[in-house]
Amino acid sequence: MPELPEVETTRRGIEPLIQGKTVTAVAVREKRLRWPVSPQLERLVGAQIVAVRRRAKYLLLDSERGSAIIHLGMSGSLRVVAIGIAPQRHDHVDIAFENGTCLRLRDPRRFGAVLWSRDPLQHKLLRSLGPEPFDPLFDGVYLHARARGRKIAVKSLLMDSRVVVGVGNIYASEALHAAGIHPRRPAGRISRPRYQRLSDAVREILARAIGFGGTTLRDFSNAQGKPGYFRHELAVYDRAGQPCPNCGSAIRQETIGQRSTYYCSRCQR
DNA sequence: ATGGTCCCCTGACCGC
DNA sequence: TGCGGTCAGGGGACCA
């Protein structure tokens, strides 16, 4: 489900509601997520949430004792609700606060994760990640260098979190369309100026999507339980057979790297 | 190192 | 209305 815009939308939604709050209890109703929910999460009890950060698609709840690392996987969402609200099916974890609210993780498919680290950026899952798309380092020169000699489809390169983080299946298709690059083109056979277009497009699409509160295809919802509205702005994703907004030819759907890919064969070469 | 495949899990949807 | 098949926004593990 959530790519960078959805995770950032979630971060912005929960930050003002939990930053500075002291945790009074942690409840884990289902610990079998992608990995078992860390028992260390209990360390939050009595501690204050000093910051809510995002790195790639991970949310970091920082306390003086360490950080909870939360990943939403494909179907996860976080809401802040009153403690009295009864948990529904798939509401696996609650973090309760002194003011009578709690942060509640729902994740039907259980591909998400709740881990613990004293130094989250050095955690095994985070330490080898590539730059954030909004990092000035992420530009055409960088992408061109990382692609040198690579034969994989450019779409797969764009979705490789060691190269750049946060670009998932929806926004990879969208950015390649905006940049006029065919998703199957071998990564090593794209010029530096075209990679500059691509890095610009990635940033622009992600920023616009954040502005719309993310994309809700099926079940994404923000901290208030509301959907995101970028779905109506998608040019190609989930639009097989419909006209390309640029040129009107039919949008094609193919599988690349086990993932559905959408593109316009006329605009993208 | 690189590229390709498999799979974790539940729910929605589609055709019969 | 029920049933089986297919697909889904992530990404680690494993293979050649």
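Residues numbered from 1 in each chain as written. Chains lettered and ligands numbered in written order. Predicted model: local features only at pLDDT ≥ 70, side-chain atom pairs only at ≥ 80, totals over all residues. Heavy atoms only, no water.

This next bit is on the environment of R148. Mapped onto the secondary structure, R148 falls in the loop between α2 (140–147) and α3 (154–158). When its relative accessible area of 73% is taken as the criterion, R148 is described as exposed. Measuring from C-alpha to C-alpha, the distance between R148 and F212 comes to 35 Å, with 64 residues separating the pair along the chain. (Helix = DSSP H or I, 4+ residues; strand = E, 2+ residues; numbered from the N terminus. Buried < 20%, exposed > 50% of the residue type's maximum accessible area, 1.4 Å probe, protein only.)

What follows deals with the side chain of H123. With respect to the helices, strands and loops of the structure, H123 is situated in the loop between β8 (113–117) and α2. Filtering out sequence-adjacent residues up to four positions away, H123 remains in contact with I69, L115, W116 and S117. (Contact = heavy atoms within 4.5 Å.)

What follows covers the sheet that holds strand β2 (residues 51–55). The 4 strands lie next to each other as β2-β3-β4-β8, forming an open sheet whose pairing is antiparallel. Where the open sheet ends on each side, the last strands, each with one partner, are β2 and β8. Averaged over all pairs of adjacent strands, the angle between their axes in this sheet comes to 25°, without regard to strand direction. Alignment of β2 against strand β3 (residues 58–63), held across 5 bridges, turns out to be antiparallel. Paired with A51 across the two strands is D62, which belongs to β3. Sheet strands in contact with helix α1 (residues 4–18) are β2 and β3, and its direction is about 175° off that of β2. (Pairing = 2+ DSSP bridges. Axes fitted to C-alpha atoms, helices over the stretch in contact; angles between N-to-C directions.)

In the neighbourhood of DNA strand B, the contacting residues comprise R89, H90, P108, R109, R110, F111, R150, K151, I152 and Q258. Taking all atoms of DNA strand B within 4 Å of the protein, the share assigned to sugar and phosphate is 68%. At a separation of 2.4 Å, a phosphate oxygen of DNA strand B approaches a polar side-chain atom of R150. At a separation of 2.5 Å, a phosphate oxygen of DNA strand B approaches a polar backbone atom of K151. Here the residues of the surface near DNA strand B sort into 3 nonpolar, 2 polar and 5 charged. (Near = heavy atom within 4 Å. Polar contact = N/O pair within 3.5 Å; in protein donor to acceptor, adjacent residues only side chain to side chain. Nonpolar A, V, L, I, M, F, W, Y, C, P; charged D, E, K, R; others polar.)

This brings us to the environment of E8. For E8, the location among the structural elements is in helix α1. Measuring from C-alpha to C-alpha, the distance between E8 and Q48 comes to 21 Å, with 40 residues separating the pair along the chain. Setting aside chain neighbours within four positions, we find E8 in contact with R54 and I210. In this structure the side chain of E8 is engaged in a polar contact, spanning 3.1 Å, whose partner is the side chain of R11.

Now for the pattern of salt bridges. With the rule as written, the count across this model stands at 16 salt bridges. Residues R12 and E8 are paired through a salt bridge, measuring 2.8 Å at the closest nitrogen-oxygen approach. Placement of both R12 and E8 in helix α1 is noted, with a separation of 4 residues, approximately one turn of the helix. Taking relative accessible area as the criterion, E8 reaches 7% and is therefore assigned buried. Connected through salt bridges with shared partners, the residues E8, R11, R12, E15, R54, R55 and E132 form a single ionic network. (Salt bridge = Lys/Arg side-chain N within 4 Å of Asp/Glu carboxyl O.)

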